[in-house]
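Summary of structural features
In case you want the letters, here they are:
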Amino acid sequence: MARSSDTGDPIELTVGERKIRVTNPQRVYFPQTGATKLDLANYYLSVGDGIVNALRERPCMMHRFPEGLAGDKVHQKRLPRGAPDWVQTVRVFFPRYKRTADELCVTELGSVIWAVQMSTVEFHPWNSRRADTEKPDEWRIDLDPMPDCDFGRVRRVAHVAHEVLDELGAVGWPKTSGGRGLHIYVRIPPLWGFADVRRAALAFAREVERRAPADVTTAWWRKDRDPAMLFVDYNQNARDHTIASAYSVRGTPRGTVSTPVHWDEIDDVRPDDFTIATVPARYAELGDLHAGIDDAPFDISPLLDWADRDERQGAADPGEPDAVDLDG
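It should be emphasised that the depicted structure is a prediction, and the values quoted were computed from it without experimental measurement.

With respect to the nonpolar core
Tyr44, Trp139 and Phe204 are the most contacted members of the largest nonpolar core, which totals 87 residues. Of all the elements, helix α4 (residues 151–168) adds the most residues to this core, at nine residues. The contact partners of Tyr44, leaving out residues within four places of it in the chain, are Ile51, Leu109, Val112, Ile113, Val116, Val121, Phe123, Tyr247, Ser248 and Val249.

Encoded structure:
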């Protein structure tokens, strides 16, 4: 572990109207590349509009690495003590524990950089906003490859998902996960609760499975899945579940980034190419590829009809996983 004297004197960053003090700016966060805490802050500054668009007014879990990736990871639900009064929060309720938490609620880029100062690497927002945290406005399609599933299969399933979305009249906004998979987001009106959005997501996943049975599984329990298959993880739409946002860095040795892509890039994209070192230039050239997501809401009623049909035909609900703990 580096001594405090090895990690640099504090510096001050100007972010809009905010002055944010960054301590230990030269602490190495990403051991494979040597990228530092300051490099991480500069990355988020370079994609400022995009990360704020992805997080705006959503309860947000912070994945913190106080000593960089070489140290322990902290899943932080509650806003850390000592936050400036301009950093906003939203209170969410966890029924399993009958407890509440005041989570980070990003409204400006300064909040993101302050979170980086607090050692946050990853941002995991809810799919609802503070106006009504119980009504999601985002349906998330998580294409999650099993250990022996190659990225060619992920690409094939992404095209099937795109085909189904087109038939539904839904606009999907794809991005790399920052790992081995892909995510597709669809904006929806905030009219349904988590249970209905999850039912809709499960119905969609089953349709993708029907069209690509050699590639896709919807089996919830890992022991029941072929390790070469791709799991369409509908439970990412369950209450209390979050995934890394667009433009969020991931806690990987190279600092990979969950990066929006065009549909016509899917066949050529290599997720490992998107890192804190490469995404700023891409963003400067292309801008925020998810900038128009709020302009394309989709009514999930047809998917709920599919869910009703599947249930009438005897399809069993595999059940939701346990909610996350609140210790962070």
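Now, onward.
Observations regarding α4
Every α-helix winds through 3.6 residues per turn, so residues three or four apart in the chain are directed the same way. Its 18 residues place the ends of α4 26 Å apart at the C-alpha level, agreeing with the 26 Å of an ideal helix rising 1.5 Å per residue. Against the buried residues of α4 lie β10 (138–145), β12 (182–187), α5 (194–211), β13 (216–217), β14 (230–232) and α7 (301–312). Two or three places before Gly152, at the opening of α4, Asp150 has a side-chain oxygen 3.1 Å from that residue's backbone nitrogen.

Description of the side chain of Thr120
Here Thr120 lies in strand β9 (residues 120–125). Among the residues examined, Thr120 registers a relative accessible area of 0% and is labelled buried. Residues contacting Thr120, with those up to four places away along its chain left out, are Leu40, Met62, His63, Arg64 and Ala115.

Regarding the confidence of the model for the protein chain
Counting all residues, the mean pLDDT for the protein chain is 93, and 95% of those residues have values of 70 or more. In this model, residues 1–5 is a region of pLDDT below 50 whose contacts with residues beyond four sequence positions or in other chains number three contacts. Considering only residues more than four positions removed or in separate chains, one finds that residues 323–328, a stretch of pLDDT under 50, has 17 contacts.

Regarding unusual backbone geometry
In the Ramachandran plot, Glu57 falls in the positive-phi region, its phi being about 60° despite a non-glycine side chain. As for its position among the elements, Glu57 is in the loop between α2 (48–55) and β5 (59–64). Overall, the relative accessible area of 28% leaves Glu57 in the partly exposed class. At Lys98, a position not held by glycine, the phi torsion is positive, near 55°. Relative to the helices and strands, Lys98 is located in the loop between β7 (89–94) and β8 (99–105). Here Lys98 falls in the exposed class, since its relative accessible area comes to 68%.

Thresholds applied
- Residues numbered from 1 in each chain as written.
- Predicted model: local features only at pLDDT ≥ 70, side-chain atom pairs only at ≥ 80, totals over all residues.
- Heavy atoms only, no water.
- Core = buried A, V, L, I, M, F, W, Y, C linked by side-chain atoms within 4.5 Å.
- Buried < 20%, exposed > 50% of the residue type's maximum accessible area, 1.4 Å probe, protein only.
- Helix = DSSP H or I, 4+ residues; strand = E, 2+ residues; numbered from the N terminus.
- Contact = heavy atoms within 4.5 Å.
- Expected span 1.5 Å × (residues − 1).
- Polar contact = N/O pair within 3.5 Å; in protein donor to acceptor, adjacent residues only side chain to side chain.
- pLDDT = per-residue confidence, 0-100.

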